Amino acid sequence: MRGLPPVAITALVFVAGFALCTAQFPNFASTRVVANLLTDNAFLGIVATGMTFVIISGGIDLSVGSVIGFTTVFVALAIERLGVPPLIAFAAILLLCAAFGAAMGAIIHVFDMPPFIVTLAGMFLARGASFLMSTESTPISAPLYSTVSDFALRLPGGGRLTAIALIMLAVVAAGAVLLHFTRFGANVYALGGSRTTTALMGIPVGSMTVRIYMLSSVLAGLAGIVFSFYTAAGYSLSAVGVELDSIAAVVIGGTLLTGGQGSVVGTLLGVLIQGLIQTYINFDGTLSSWWTKIVTGILLFAFIALQQAMLGIARRSGPRKAGVLKS
Amino acid sequence: MPAFAFDANVGGSDVGMNAHSDPGHALLEVRALSKSFGTLRALQQVDFTLRAGEIHALLGENGAGKSTLIKAVTGVFPRDAGIVRLDGAEVAPRTAKAALDAGIATVYQEVNLLLNLSVAQNLYLGRQPTRFGLVREAEMRRHAAALLAEFDLHIDVAEPLGNYSVAVQHITAIARAVDQSARVLILDEPTASLDRHEVEVLFAVMRKLAQRGIGVIFVTHFLDQVYEISDRITVLRNGRLIGERTTAELPRIELIRMMLGRELAETTRERAAAQDRKAGDVCARFDGYGKAGYVAPFNLSLRRGEVVGLAGLLGSGRTETARLVFGAERADSGSVTVEGKPVRLLSPRDAVAHGFGYCPEERKTEGIIADLTVRENIVLALQAKRGLAKPLSRAEQDEIAMGFIRLLDIRPPEPERSIGLLSGGNQQKVLLARWLATAPRLLVLDEPTRGIDVGAHAEIIRLIRELCDDGLALLVISSELDEIVTYSDRVVVLRDRAHVDELEGEAVDVTNILAAIAVAGTAGAEAG
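Residues numbered from 1 in each chain as written. Chains lettered and ligands numbered in written order. Predicted model: local features only at pLDDT ≥ 70, side-chain atom pairs only at ≥ 80, totals over all residues.

The name an unreviewed UniProt entry assigns to chain A is Sugar ABC transporter permease YjfF, from the organism Bradyrhizobium archetypum.

Q: Any details on the overall build of chain A? Residues and values, ideally.
A: If you tally the helices and strands in chain A, you get 14 helices and five strands. Looking at the 327 residues of chain A, the share that counts as buried comes to 50%. (Helix = DSSP H or I, 4+ residues; strand = E, 2+ residues; numbered from the N terminus. Buried ≥ 20, exposed ≤ 12 C-beta atoms within 10 Å, placed from the backbone.)

Q: Could you give an account of the overall build of chain B, with specific residues and numbers?
A: Across its full length, chain B carries 17 helices and 23 strands. A separation threshold of at least 6 residues defines the contact pool for chain B, and within that pool the share at least 24 residues apart is 68%. (Contact = placed C-beta atoms within 7 Å.)

Q: Break down the pairing of strand 12 (residues 232-237) of chain B for me, citing the residues and quoting the values.
A: The side chains of a regular strand alternate, residue by residue, between the two faces of the sheet. Residue and element names in this part refer to chain B. In terms of residue burial, strand 12 counts as a mostly covered element, since five of its six residues are buried. Bridging between strand 3 (residues 55-59) and strand 12 involves four bridges; their strand directions are parallel. Directly across from His56, in strand 12, lies its bridge partner Arg232. Bridge count between strand 12 and strand 13 (residues 240-246): six bridges; the pairing is antiparallel. Bridge pairing links Thr234 to Glu244 in strand 13. (Pairing = 2+ DSSP bridges.)

Q: Break down the sheet that holds strand 3 of chain B for me, with residues and values.
A: All names here are of chain B. The six strands lie next to each other as 6-10-11-3-12-13, forming an open sheet whose pairing is mixed. Edge strands, defined here as strands with exactly one partner in the open sheet, are strand 6 (104-107) and strand 13. Put simply, the sheet's adjacent strands are angled 20° from each other on average, direction ignored. Across the sheet, helix 6 (residues 196-211) touches strand 3, strand 10 (184-188) and strand 11 (215-219), and the angle it forms with strand 11 is around 145°. (Axes fitted to C-alpha atoms, helices over the stretch in contact; angles between N-to-C directions.)

Q: Got a sec to walk through the sheet that holds strand 18 (residues 341-343) of chain B? Specific residues and values, please.
A: Residue and element names in this part refer to chain B. Taken together, four strands build an open sheet; the order of strands is 15-14-17-18 and the sheet is antiparallel. Looking along the sheet, the strands with just one partner apiece sit at the ends: strand 15 (295-303) and strand 18. Ignoring strand direction, the axes of neighbouring strands in this sheet form an average angle of 20°. For strand 17 (residues 333-338) and strand 18, the ladder comprises three bridges, and the chain directions are antiparallel. Among the inter-strand pairings, Val336 is bridged to a residue of strand 18, identified as Val343.

Q: Give me the lowdown on the pairing of strand 23 (residues 498-504) of chain B, citing residues and values where you can.
A: Residue and element names in this part refer to chain B. Two elements, strand 22 (residues 490-495) and strand 23, share six bridges in a ladder whose sense is antiparallel. Counterpart to Val491 in the pairing with strand 23 is Leu503. Between strand 22 and strand 23, which pair antiparallel and follow one another directly, the connecting turn spans two residues, one of which, Asp496, has a positive phi of 50°.

Q: Which residues make up the UniProt feature "transmembrane region" (unreviewed entry) in chain A, and what are the values?
A: All names here are of chain A. Feature annotation in UniProt assigns "transmembrane region" (unreviewed entry) to the following positions: residues 42-75, 87-110, 161-181, 212-235, 247-274 and 294-314. Between the end C-alpha atoms of residues 87-110 the distance is 34 Å, and the span holds 100% helix and 0% strand. Along residues 247-274 one finds 61% helix and 0% strand; the C-alpha atoms at either end are 12 Å apart. (UniProt positions renumbered as here; feature names shortened; annotations may be inferred.)

Q: Outline the nonpolar core, listing residues and values.
A: A:Val47, A:Val226 and B:Leu185 are the most contacted members of the largest nonpolar core, which totals 176 residues. By residue number, the principal contributor to this core is helix 11 (residues 205-231) of chain A, which donates 16 residues. When residues no more than four places from it in sequence are discounted, the contact partners of A:Val226 are A:Ala42, A:Phe43, A:Ile46, A:Ile164 and A:Ile167. Among the nonpolar cores identified, the runner-up in size contains 71 residues, and B:Leu310, B:Phe356, B:Leu445 and B:Ile464 belong to it. (Core = buried A, V, L, I, M, F, W, Y, C linked by C-beta atoms within 7 Å.)

Q: Quick rundown of the interface of chain B and chain A? Include the residues and the values.
A: Every contact between the two is made by 29 residues of chain B and, on the other side, 26 residues of chain A. At the level of secondary structure, the elements contributing two or more residues to the side of chain B that touches chain A comprise helix 2 (96-102), strand 8 (134-135), strand 9 (153-154), helix 5 (166-179) and helix 6 of chain B. Among the elements that make up the side of chain B that touches chain A, the one with the highest residue count is helix 2 of chain B (three residues). Residues of the side of chain B that touches chain A, tallied by class, amount to 17 nonpolar, 10 polar and two charged. (Nonpolar A, V, L, I, M, F, W, Y, C, P; charged D, E, K, R; others polar.)

Q: Just give me the short version of the environment of A:Ser228, but keep the residues and values in it.
A: Residues and elements named next belong to chain A. Mapped onto the secondary structure, Ser228 falls in helix 11. On the basis of neighbour counts, which here come to 30 C-beta atoms within 10 Å, the residue Ser228 falls in the buried class. Not counting residues up to four positions away in its chain, the partners in contact with Ser228 are Thr72, Val75, Ala76, Ile140, Ala233 and Gly234.

Q: Run through the packing of helix 12 (residues 374-386) of chain B against helix 13 (residues 394-408) of chain B, naming residues and quoting values.
A: All names here are of chain B. Interaxial distance between helix 12 and helix 13 falls to 9 Å at its minimum, and their mutual angle equals 100°. Judged by the inter-axis angle, helix 12 sits roughly perpendicular to helix 13. Here helix 12 contributes Val374, Arg375, Ile378 and Val379 to the contact with helix 13, which in turn contributes Gln397, Asp398, Ile400, Ala401 and Phe404. Partitioned by chemical class, the residues of the contact of helix 12 with helix 13 number six nonpolar, one polar and two charged. (Parallel < 35°, antiparallel > 145°, perpendicular 65-115°, else oblique.)

Q: Go over the environment of B:Ala433, please, and point to the residues and values.
A: Residues and elements named next belong to chain B. For Ala433, the position within the fold is in helix 14 (residues 424-436). The spatial distance from the C-alpha of Ala433 to the C-alpha of Ile410 is 9.6 Å, given a sequence separation of 23 residues. Beyond its immediate chain neighbours, meaning those up to four positions away, Ala433 contacts Ile378, Phe404 and Leu408.

Q: Let's hear about helix 8 (residues 163-181) of chain A: which residues, and what values?
A: Residues and elements named next belong to chain A. Over its 19 residues, helix 8 runs 26 Å from end to end, which matches the ideal 27 Å to within 8%, given 1.5 Å per residue. What helix 8 keeps buried is the set Ile164, Ala165, Ile167, Met168, Val171, Val172, Gly175 and Leu179. Along the axis of helix 8, the buried residues cluster in a sector spanning 155°; they form a single face. Relative to its buried face, helix 8 has exposed residues pointing more than 90 degrees away, namely Ala170 and Ala174. Residues of helix 8 that are buried sit in contact with helix 2 (31-40), helix 3 (42-56), strand 3 (160-162), helix 9 (183-193), helix 11 and helix 13 (264-284). (Expected span 1.5 Å × (residues − 1). Arc of directions from axis to C-beta.)

Q: An account of helix 14 of chain B is requested, with residue identities and associated values reported.
A: For helix 14 of chain B, built from 13 residues, the straight-helix expectation of 18 Å at 1.5 Å per residue is met to within 8% by its first-to-last C-alpha distance of 18 Å. Listed in full, the buried residues belonging to helix 14 of chain B are B:Gly425, B:Asn426, B:Gln427, B:Gln428, B:Lys429, B:Val430, B:Leu431, B:Leu432, B:Ala433, B:Arg434, B:Trp435 and B:Leu436.

Q: Go over the packing of helix 2 of chain A against helix 8 of chain A, please, and point to the residues and values.
A: All names here are of chain A. Between helix 2 and helix 8, whose axes approach to 8 Å, the crossing angle comes to 70°. Relative to helix 8, the element helix 2 is oriented roughly perpendicular. Contacts between helix 2 and helix 8 involve Ala35, Leu38 and Thr39 on the former and, on the latter, Ile164, Ala165, Met168 and Leu169. For the contact of helix 2 with helix 8, a count of residues per class yields six nonpolar, one polar and no charged.

Q: Tell me about the confidence of the model for chain B, residues and numbers included.
A: Residues and elements named next belong to chain B. Taken as a whole, chain B shows an average pLDDT of 80; of its residues, 86% reach a score of 70 or greater. For residues 1-22, every residue scores under 50 in pLDDT, and the model assigns this stretch 20 contacts once sequence neighbours within four places are set aside. Contacts of residues 262-275 to residues separated by more than four positions or lying in other chains number 19 contacts, the stretch itself having pLDDT below 50. Predicted complex, confidence summary: ipTM 0.83, pTM 0.68. (pLDDT = per-residue confidence, 0-100.)

In structure tokens:
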């Protein structure tokens, strides 16, 4: 299967890391730790799922962190200042995000602009707009918020699988189905292989591009809502740099940064590896939390080097298969 | 230019093709198609008829209008005038997609498929079988395997297409097109990057398609392949229809005449004056020259006024030998003597200093500098040899450039034109001129006629002969044995990175070369 060997390596890294932590801290291997891992990284898992689609299609979306920040502020102000029911505020922000992503996708396609630049502009735009709305942290006290944060599936061993963790797992599962088992997903891989060829094969490249960035922005919006549940507040400076964390998760998850190969499951593992490092640091108690970034950086290097090496081996592996031909 | 009997296309009438009794009905009819780009009239009132179940070769020199015709028919370019009928109904596709929907599929030389997707996904992208929105992977693979099995291709369709050879990729592209109910299949130079066996496989597929009643248009510049596979030939020249013939009734010399529009003495296959020439003194001599893991040590002496051909399969060490001779690779054994004096070739600079020149195979990437003018490209090597301290004056440059443009008949004769705008054959002549300007004693030509149309091909061969008549020593690499036989006085045969045989005089012929290549365990090379 495509993308499997790098994913296998990511899985191995995760399992090895987990075993290492368990060896050092005997109470590490508990449902509590695993459930917290999922909860703490729920928003990252959601946004990284969208990023996976974008990167496999050969693009990049730098705007997602700002979109998360914008979403938290929008939701907080709508609920607290304007008294909008939370669910309506959610619907409104998701629609807004869809429009925002669609616009970026359309610009990328119509003007044939590099996604890097277009989404960089989107990043400044969304961040600036959230500052415009409010520069302060706005706590959210709507009843729905306490209901959601109280909800959890109790696991044997004391773990609490929270609502936001469940949302994230659902998004990952849905993303995996969409990417691996639908025509839309196949077209995403096709775009990452070659845009012109995909167009020649009769795939509507323009509408695909629009839909991919729309998906990414909507998932960023959803991640923003989840983030507001997580922090019970809206703040214009939240999720700064999350676009880079999610790109890191996608690449560590075995997705080719140049597009055409990758998987959603790998991305989830990439997210969990980052979370694992953070958890280790929390357990240790003496390490600076910036070690997360350092280890993530090292892992990124390792995975990119690995991808290059595998590409190199593939290129050098001599004559290609001629296929079995009988005549 | 003398007019030929079949040169007529006056008033856009068809070329007497209604009266014959072919079983295949007219599938694709192009009538009076015209297309201009600015002032260039790329196609003028061209007619073309493809019958169901035939393989129809579309031939012509570079710039004859083959590509333009295909692109005008398949909607890549809009056409200025003329009509296209498919099964009697007029069609006017505006995009390649629309042409495909109408039943006209094109497979280009660079396979337009996605190497990162599985073979099955490539076959069914955009039309995968689904249930509740989900792709039915197992069913798709089953269909894909069955579809390819029709072409005698039995591969694991779940593997990425990029894992397979170019031939498999071509067949996959054809299978996709045919499965999308294409009735007209256009193959644009499909065999250019295939080896002999792969060409056979592709031809088997083409024959099978023709049997099914699909019309196949085969664009190529390999005339041997035209005679091997095609039923009918249409020749274009300078944007006009020259004629349509059945392949069986068209002798090769006649075909070449149609393509060139001028009398061409038997271009190839004839070792005319080669024996008459008297080889001069040895000007460069390589003894036990070689490099471990690159080319086994060889002995090679090159005489003035002599053409030595290097023959062998791709990867046999031909280009590697050339690079050693030119100092582009350093030898780790053996010695070189030039005019009797021992020398060392550590870099191309040394080689140039001893009067060597080298026209590499990759003209576009290693040879020409596309943004510079013809004049600048010609004086490049000479200036480098003189050193930057002694610049050539503009007047000297102009004189040199014009001199070679006239001598080699470079067209158009404009020294200030960017070389990138010239045809392949003329670019090759500019490269030759670049080295000739340095007055070399030895010139190495790697595939001098690759990617060049028939006319320029013959001219390059003629030039090679003339050059060595003037006392130059030439070392020429070519994959085309006929061509090597035509101009070589001696042929060195390579196999598995070693020089295995040397043929001289009467012994130089295609059969002997093939025999030498096929000797001792190397599989299946046969003559013809």
